Amino acid sequence: MNDVLAFALLFCAIACGWWLGRRSLSSGTTTSSSPPSQYYRGLNYLLDGRPDGAVDHFISALEVNSETLETHIALGNVLRRRGEVDRAIRIHENLLARPNLSRSQMHIAHLELARDYVSAGLLDRAEQLLKDLVEESDEQRDVARQHLLELYRSEREWGRAIEVGRELLPRKSLLRSTTVPLRSGQAVAVQLAHFYCELALEMKSRGDVPGARNMLQRALESDGACARASLELGRLEGEDGNHREAIAALTGIVDQDPDFLPEAIPALRACYAALGEEAELTTYLRECLDRYPSTPLMIAVAEDVLRDEGRDAAVAFLAARLAHVPSLRGLLRLIQLQTDADLAQLSQPVQPLAMLSLLLDRLIRERPAYRCEHCGFSAKHLLWFCPGCKYWGTFRTIRSTETE
Ligand SMILES: [Zn+2]
């Protein structure tokens, strides 16, 4: 109902605008200045719940010229946002059928039509229109490229997305530096780094290790702070037997974004184990825990204590840490260690602790562990692309005693 009301209000606003415009044009003459009958018919159609007829009458009633162009565009956009894409397409196609628009106005209408096609899922048509705009319109070129970038991203065509993205990067010039204002708001270089990572993962799955390595290095050139690129590079080198290179990439994550360090721990463990240098990793993780405390790091260090000093030391370590910073995951690990100890000693009250551990595990599994720091979208697993705000690399571990 609100939509119909908004549409009716817009329609009336257009009618008033037209009428006032006509009146000012005809001032000094005796010409009648009442709105044309198409307006009343259009309004009747709208009130009868037949917006198709209303759009037809609107199109035939409001002449297309440079003054009314914005109104046509605005109406088309309202329709597209309401999901009435076919009507938006009719409005914008009607504009393109008029010969009296200037070249730059035609380009604006083309851009809107391309956006309609994207909304309608007619991606081939949208792509062609946007490519034509990149070729022909100086004013709309970068906006068209941004839409192309989004189109290729949604189609997972990473190679093409990278090609367009590189065109959008600020030009390096001694005379001036131009930065392109982005529709999505996230820096192109940051997006490019993730496109390279996606391409690298595709290459890796096809067994093209040198190609994947090259793409990950390009990701880091595009955005030196891309922890995902270091993580994937470390995993790739580790699996390829280059343990030193892997460790160099993985330990670099702490300088890029310490929140992602826990993701690197399994790969780090595999590399240090292959080199027989587990003690060095223990020292490194302890240092990191002191500098950037987090539950996953605390649990990783507890595993080392368990391996090197035994269960009692691990329980004491966790209990001491949890006394300062309580967390559900830490508590679960503590209970699991205690249950194992009880089982080993065959002491009686194993059952209640085991039950508690099971319940706690289920409680933790049901809660989201990660949240997008840009829009708040939460997920149980780490996502590199946020489905909510379409930003890359914005998910972080939720830091609260309830969920961590
Ligand atoms: Zn988000």
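Note that the structure is predicted; figures quoted are calculated from it, not measured.

Here we take up the overall build of the protein chain. Across its full length, the protein chain holds 20 helices and 3 strands. Of the contacts formed within the protein chain by residues at least 6 apart in sequence, a portion of 51% connects residues at least 24 apart. Carbon and sulfur atoms make up 53% of the accessible area of the protein chain, which totals about 21200 Å².

In this section: the packing of aromatic side chains. The relation between two aromatic rings is expressed through the spacing of the ring centres and the mutual angle of the planes. Enumeration according to the criterion identifies 6 aromatic pairs in this entry. By the ring-pair criterion, three or more aromatic residues cluster together here, those being Trp-158, Phe-195, Phe-385 and Trp-392. Seen from the ring of Tyr-117, Arg-125 lies directly overhead, with NZ or CZ sitting 5.4 Å from the centre.

Inspection of the secondary structure assignment puts Arg-228 in helix 12 (residues 227–239). Contacts of Arg-228, omitting those with residues within four sequence positions, involve His-194, Cys-197, Glu-198, Leu-201, Trp-384 and Trp-392.

Turning to the pattern of salt bridges, a few remarks are in order. Working definition: two side chains of opposite charge can pair if their charged atoms are close together. Applying the stated criterion across every chain, the model contains 27 salt bridges. Notably, a salt bridge pairs Glu-157 with Arg-160, separated by 3.4 Å at the nearest N-O pair. For the salt bridge of Glu-237 with Arg-213, the shortest nitrogen-to-oxygen distance reads 2.8 Å. Residue Glu-237 is found in helix 12, and its partner Arg-213 is found in helix 11 (residues 209–222); the two are separated by 24 residues along the sequence. Like Arg-213, Glu-237 is buried. The network of salt bridges with shared partners includes Arg-80, Glu-112, Arg-115 and Asp-116.

The zinc ion binds to the protein through Cys-372 (SG), Cys-375 (SG), Cys-386 (SG) and Cys-389 (SG); the donor distances cover 2.2 to 2.3 Å. Here the zinc ion is ringed by 4 donor atoms whose angles at the metal span 101 to 113°, and the overall shape comes out tetrahedral. Linear spacing of the donor residues for the zinc ion on their chain is C-x2-C-x10-C-x2-C. For Cys-372, a relative accessible area of 2% corresponds to the buried category.

Put simply, the protein chain has an average pLDDT of 83, and 77% of its residues get 70 or more. In the model, residues 174–180 has pLDDT below 50 throughout and makes 9 contacts with residues more than four positions away in sequence or in other chains.

Bringing the side chain of Asp-223 into the picture now. When you line up the elements, Asp-223 lands in the loop between helix 11 and helix 12. Arg-396 is the oppositely charged side chain nearest to the buried, salt-bridge-free Asp-223, at an N-O distance of 9.1 Å. Those residues in contact with Asp-223 that lie beyond four places of it in its chain are Ala-189, Val-190 and Ala-193.

Now for the nonpolar core. Leu-130 and Phe-195 are the most contacted members of the largest nonpolar core, which totals 41 residues. Elements that contribute at least two residues to this core include exactly helix 5 (85–96), helix 6 (103–120), helix 7 (123–136), helix 8 (141–154), helix 9 (158–168), helix 10 (188–205), helix 11 and helix 12. Of all the elements, helix 10 adds the most residues to this core, at 9 residues. With residues up to four places along the chain from it excluded, the contact list for Leu-130 reads Leu-111, Ala-114, Ala-144, His-147, Leu-148 and Leu-151. Of all hydrophobic cores here, the second largest spans 34 residues; its members include Leu-261, Ala-267, Cys-271 and Ala-302.

Right, let's get into the environment of Arg-160. You can see Arg-160 is positioned in helix 9. With relative accessibility at 39%, the residue Arg-160 sits in the partly exposed group. Among the polar contacts made by the side chain of Arg-160, one reaches the side chain of Glu-127 at a distance of 3.1 Å.

With that settled, the discussion passes to a nonpolar patch on the surface. A surface patch of nonpolar side chains, amounting to about 300 Å² of accessible area, comprises Met-355, Leu-358 and Leu-359. Mapped onto the elements of the fold, Leu-358 is located in helix 20 (residues 350–366).

Moving on: the sheet that holds strand 3 (residues 395–397). One open sheet accounts for 3 strands, arranged 2-1-3; its pairing is antiparallel. The sheet is open, and its two edges are formed by strand 2 (378–379) and strand 3, each paired on a single side. As defined by bridge partners, strand 1 (residues 370–372) adjoins strand 2 across 2 bridges and the pair is classed as antiparallel. If you follow Arg-371 over to strand 2, its bridge partner there is Ser-378.

Turning next to the packing of helix 6 against helix 7. Viewed as axis vectors pointing N to C, helix 6 and helix 7 meet at an angle of 155°, and their least axial separation amounts to 8 Å. On the basis of their axis angle, the class for helix 6 and helix 7 is roughly antiparallel. Of the two possible hands of crossing, helix 6 and helix 7 adopt the one that is left-handed. Two secondary-structure elements touch here, helix 6 through Arg-103, His-107, His-110, Leu-111, Leu-113, Ala-114, Tyr-117 and Val-118 and helix 7 through Leu-123, Arg-125, Ala-126, Leu-129, Leu-130, Leu-133 and Glu-136. Partitioning the contact of helix 6 with helix 7 into residue classes produces 10 nonpolar, 2 polar and 3 charged.

Before going further, it helps to spend a moment on unusual backbone geometry. A positive phi angle, close to 55°, is found at Arg-156, a residue other than glycine. In this structure, Arg-156 sits in the loop between helix 8 and helix 9.

The rules we used
Residues numbered from 1 in each chain as written. Predicted model: local features only at pLDDT ≥ 70, side-chain atom pairs only at ≥ 80, totals over all residues. Heavy atoms only, no water. Helix = DSSP H or I, 4+ residues; strand = E, 2+ residues; numbered from the N terminus. Contact = heavy atoms within 4.5 Å. Areas by Shrake-Rupley, 256 points an atom, 1.4 Å probe, with all protein chains shown as cover. Phe/Tyr/Trp six-rings, centres within 6.5 Å; stacked < 30°, edge-to-face > 60°. Lys NZ or Arg CZ within 6 Å of the ring centre and 35° of its normal. Salt bridge = Lys/Arg side-chain N within 4 Å of Asp/Glu carboxyl O. Buried < 20%, exposed > 50% of the residue type's maximum accessible area, 1.4 Å probe, protein only. Donors = N, O, S within 2.8 Å, 3.2 Å for Na, K, Ca; no water. Tetrahedral: all angles 85-135°; square planar, octahedral: opposite > 155°, others 65-115°. pLDDT = per-residue confidence, 0-100. Lys, Arg positive; Asp, Glu negative; His and termini not counted. Core = buried A, V, L, I, M, F, W, Y, C linked by side-chain atoms within 4.5 Å. Polar contact = N/O pair within 3.5 Å; in protein donor to acceptor, adjacent residues only side chain to side chain. Patch = residues over 30% accessible without salt bridge, like charges linked within 9 Å, V, L, I, M, F, W, Y side chains within 5 Å. Pairing = 2+ DSSP bridges. Axes fitted to C-alpha atoms, helices over the stretch in contact; angles between N-to-C directions. Parallel < 35°, antiparallel > 145°, perpendicular 65-115°, else oblique. Left-handed = near helix turned anticlockwise from the far one by under 90°. Nonpolar A, V, L, I, M, F, W, Y, C, P; charged D, E, K, R; others polar.

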